[in-house]
Amino acid sequence: NLGPADAKGVDITAVARQFELPYVFSQETKEEAEALPEEVDKREFRGRRDLRNIFTVTIDGADAKDFDDAISLEKRGKYYILYVHIADVSHYVKPGSAIDRDAYERGNSVYLLDRVIPMLPEKLSNGLCSLNPGVERLAMTTQMTLDEEGNVVDHQFYPSVICSDHRLIYKDVSDYLEKGTRFTEEEALFTHLDTMATLYALLAKKRIERGTLDFDFPETDVILDDDGLAVDVRLAERRIANRIIEEFMILNNVIVGTTFFHKKLPFIYRVHAEPKV
């Protein structure tokens, strides 16, 4: 019994049950998660590159609850130094553990309008493995050096410790880059955003010249009222801030995939069929 049919959220719970989405963690997983620390232990910094002093930001939607990737960007002479940081989930989720088994069963987090069915317990997804601002977090970092034409001339992969300076929102960043609307008094932040936009333009131009596919399809946001009822459907915005993050993540994926290819190591690739036209 899920409750009265007209009760808030029952319809979404019914959808989860209909598709057999596993939204309850096993007791063993709950116990493993409970045993995890509240904050990162500084002893775990050993063997990691310390990037806490590098200006770092996350850029996500306004309603995002967890932040699994962050960006740092420096300009050194004619070179751009781009860092893509991904939360180091593997540090906490060990192969064969209960958390690992539950995560394997889920495969990914599922977003259902006003809620998320997470792949990992909240202590990880919203805590230790969320790159929240002002707190130290363990990450895996790709550091890429690019020339003034956007060519990657060097790259490194390494475990790191970071501390995000800002949790930014797509709309705020886009309003600044598109309209000049400022949302903070911190001048250094806007300098970094300008540099990101410049590098994005270089990368996007190169990608278009390569004949890449651009999946710029309309997406929708369903707007709910306080009672959880749908009151509107709007086109989701895909503005410059969204494109910047997409471009940096694509570059990161290309570098990682290319490296594994040349090392002849097993890897999972996303391959699209040939166009029909």
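Anything mentioned here points back to the structure above.
Cut-offs applied
- Residues numbered from 1 in each chain as written.
- Predicted model: local features only at pLDDT ≥ 70, side-chain atom pairs only at ≥ 80, totals over all residues.
- Heavy atoms only, no water.
- Core = buried A, V, L, I, M, F, W, Y, C linked by side-chain atoms within 4.5 Å.
- Buried < 20%, exposed > 50% of the residue type's maximum accessible area, 1.4 Å probe, protein only.
- Helix = DSSP H or I, 4+ residues; strand = E, 2+ residues; numbered from the N terminus.
- Contact = heavy atoms within 4.5 Å.
- Salt bridge = Lys/Arg side-chain N within 4 Å of Asp/Glu carboxyl O.
- Pairing = 2+ DSSP bridges.

In this structure, Leu82 and Met196 are the most contacted members of the largest nonpolar core, which totals 30 residues. Of all elements in the fold, only β2 (56-60), β3 (69-76), β4 (79-87), β7 (136-146), α5 (170-179), α6 (187-209) and α7 (240-262) reach the threshold of two or more residues within this core. If you tally residues by element for this core, the top one is α6, at nine residues. Each residue touching Met196, except ones within four places of it in the same chain, is listed here: Val57, Ile59, Ile71, Leu73, Ile244 and Phe248. Grouped together as the second largest cluster of nonpolar side chains are 24 residues, Phe45, Ala87, Ile99 and Ile162 included.

Before going further, it helps to examine the pattern of salt bridges. Summed over the entire model, instances satisfying the criterion amount to 19 salt bridges. What emerges from the salt-bridge pattern is a single network uniting Lys171, Asp175, Glu178, Lys179, Glu237 and Arg239.

Our next topic: the sheet that holds β3. One open sheet accounts for seven strands, arranged β1-β8-β7-β4-β3-β2-β9; its pairing is mixed. Of all the strands in the sheet, just β1 (49-50) and β9 (166-169) have a single pairing partner and so form its edges. Examined bridge by bridge, β4 and β7 share eight bridges and lie antiparallel to one another. Note that in β7 the partner of Ala87 across the bridge is Ala139.

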